[in-house]
Amino acid sequence: MSKLLGKTALITGSTRGMGRAMAERFAMEGAAVVITGRDEAEGAAVEKGIREKGGKALFKRADVGIFDENVSLVETALNEYQSLDIVVANAAMLALGSVTDLTLIEWKRAMDVNLHSVFYLMKESIPHMQKEGGVILVTGSIAADKGFPNHAAYCTSKGAVRSLVKQAAVEYAPKIRINLIEPGPVDTTLYRSSAEAFPNAESILDEVPALVPMQRTGLPDDIASAALFLVSDEAKWITGSGFRIDGGVSAKG
Ligand SMILES: NC(=O)c1ccc[n+]([C@@H]2O[C@H](COP(=O)([O-])OP(=O)(O)OC[C@H]3O[C@@H](n4cnc5c(N)ncnc54)[C@H](O)[C@@H]3O)[C@@H](O)[C@H]2O)c1
């Protein structure tokens, strides 16, 4: 259990859901983890849980839609643990609404949190990774290829991060590996909130598992397993790639 021994990992959106599962998994593999999200109580609980199991963790509250807060996340990792080897840009919001429904403020806020934050984190962390090397993993979504109702900003932002990952991966290889994971339906707070955007909001959560070839929605840990592989040295020749982790949803005709 030491795939990430001696590494420091910053994982955004790690107070709950799949980011939390990644933080817990990475810490158990020896990484010192910087946990971040918007909820102080949730973040403190994740930090405490990891420390009680003998792992290294620190929670810092941040709004990743604000540039300066990303700067301070990177500084926290460097000040506390003297290195930054792994960044997972995982936090995101839904901003439900169609193109005509969304206000300009809602659209721009979704881009700040889901897209610009990835740019901000890359911009701040890459200079520290260029000497010793590093890994960046971005959480996209199968929504990048779909037209889900009332997900205009969300789908758009997830398409854009896919392009950013490819461009940056080429630009910063071979020192830094940059990849994308694109989860399908994973049972989290965000997933449950997204149901509200569908005409069959009352029943959709019960209907989804049967539509998944693997016959169930994903668990945060299903995503953490893939993330662990991609940030570890086992994936040392993988960069610029996107990985669907969706129980077979995208493969289905
Ligand atoms: N759950 C799914 O079905 C699904 C599918 C595809 C992709 N995703 C993506 O997975 C990632 C994680 O989502 P999840 O399902 O685990 O959601 P979640 O609701 O369980 O967790 C979201 C996390 O992001 C944080 N966050 C939200 N807005 C933030 C902000 N402005 N600043 C800082 N932190 C913020 C929250 O505090 C929380 O820690 C997201 O990028 C999401 O788009 C989720």
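Described in the following lines is the structure provided in the data block.

Thresholds applied
- Residues numbered from 1 in each chain as written.
- Predicted model: local features only at pLDDT ≥ 70, side-chain atom pairs only at ≥ 80, totals over all residues.
- Heavy atoms only, no water.
- Helix = DSSP H or I, 4+ residues; strand = E, 2+ residues; numbered from the N terminus.
- Rg over C-alpha atoms; globule rule 2.2 N^0.38 Å.
- Buried < 20%, exposed > 50% of the residue type's maximum accessible area, 1.4 Å probe, protein only.
- Contact = heavy atoms within 4.5 Å.
- Near = heavy atom within 4 Å.
- Polar contact = N/O pair within 3.5 Å; in protein donor to acceptor, adjacent residues only side chain to side chain.
- Areas by Shrake-Rupley, 256 points an atom, 1.4 Å probe, with all protein chains shown as cover.
- Nonpolar A, V, L, I, M, F, W, Y, C, P; charged D, E, K, R; others polar.
- Phe/Tyr/Trp six-rings, centres within 6.5 Å; stacked < 30°, edge-to-face > 60°.
- Expected span 1.5 Å × (residues − 1).

## Remarks on the overall build of the protein
Moving on, step 1. Within the protein, the secondary structure is distributed over eight helices and seven strands.
Moving on, step 2. Relative to a compact globule of 253 residues, whose C-alpha radius of gyration would be 18 Å, the protein shows 17 Å and is just as compact.
Moving on, step 3. Counting only C-alpha atoms, the protein reaches 50 × 40 × 35 Å along its principal axes.
Moving on, step 4. In the protein, buried positions account for 51% of the 253 residues.
Moving on, step 5. For the protein, long-range pairs separated by at least 24 residues make up 71% of all intrachain contacts whose partners lie at least 6 apart in sequence.

## Some points on the site of the ligand
Moving on, step 1. Near the ligand there are 29 residues, and of these T15, N90, Y154, K158 and T188 occur at the shortest range.
Moving on, step 2. Separating an oxygen atom of the ligand from a side-chain N or O atom of R16 is a distance of 3.3 Å.
Moving on, step 3. Across the complex, the protein chains shield 95% of the 830 Å² of accessible surface that the ligand would expose by itself.
Moving on, step 4. Counting only elements with at least two residues in the shell around the ligand, the list comes to helix 1 (17–28), helix 4 (104–129), helix 5 (152–172) and helix 6 (189–194).
Moving on, step 5. With three residues, the top contributor of residues to the shell around the ligand is helix 6.
Moving on, step 6. In terms of residue class, the shell around the ligand is built from twelve nonpolar, twelve polar and five charged.

## A look at the packing of aromatic side chains
We describe a pair of aromatic rings using the distance from one ring centre to the other and the angle between the two ring planes.
Moving on, step 1. Applying the stated criterion across every chain, the model contains three aromatic pairs.
Moving on, step 2. Judged by centre distance (5.2 Å) and plane angle (75°), the rings of F67 and Y120 are edge-to-face. Within this pair, whereas F67 is found in helix 3 (residues 67–81), its partner Y120 is found in helix 4, the two being separated by 53 residues in sequence.
Moving on, step 3. With 6.1 Å between their ring centres and 55° between their planes, F119 and Y120 make a pair best called tilted.
Moving on, step 4. Its relative accessible area of 15% is what places Y120 among the buried residues.

## Quick notes on helix 8 (residues 220–231)
Moving on, step 1. In this model helix 8 runs 16 Å from its N-terminal to its C-terminal C-alpha over twelve residues, within 8% of the 16 Å that 1.5 Å per residue would give.
Moving on, step 2. Those residues of helix 8 that sit buried are P220, I223, A224, A226, A227, L228, L230 and V231.
Moving on, step 3. Residues of helix 8 that are buried make contact with helix 1, strand 4 (86–89), strand 5 (134–139), strand 6 (176–183) and strand 7 (242–245).

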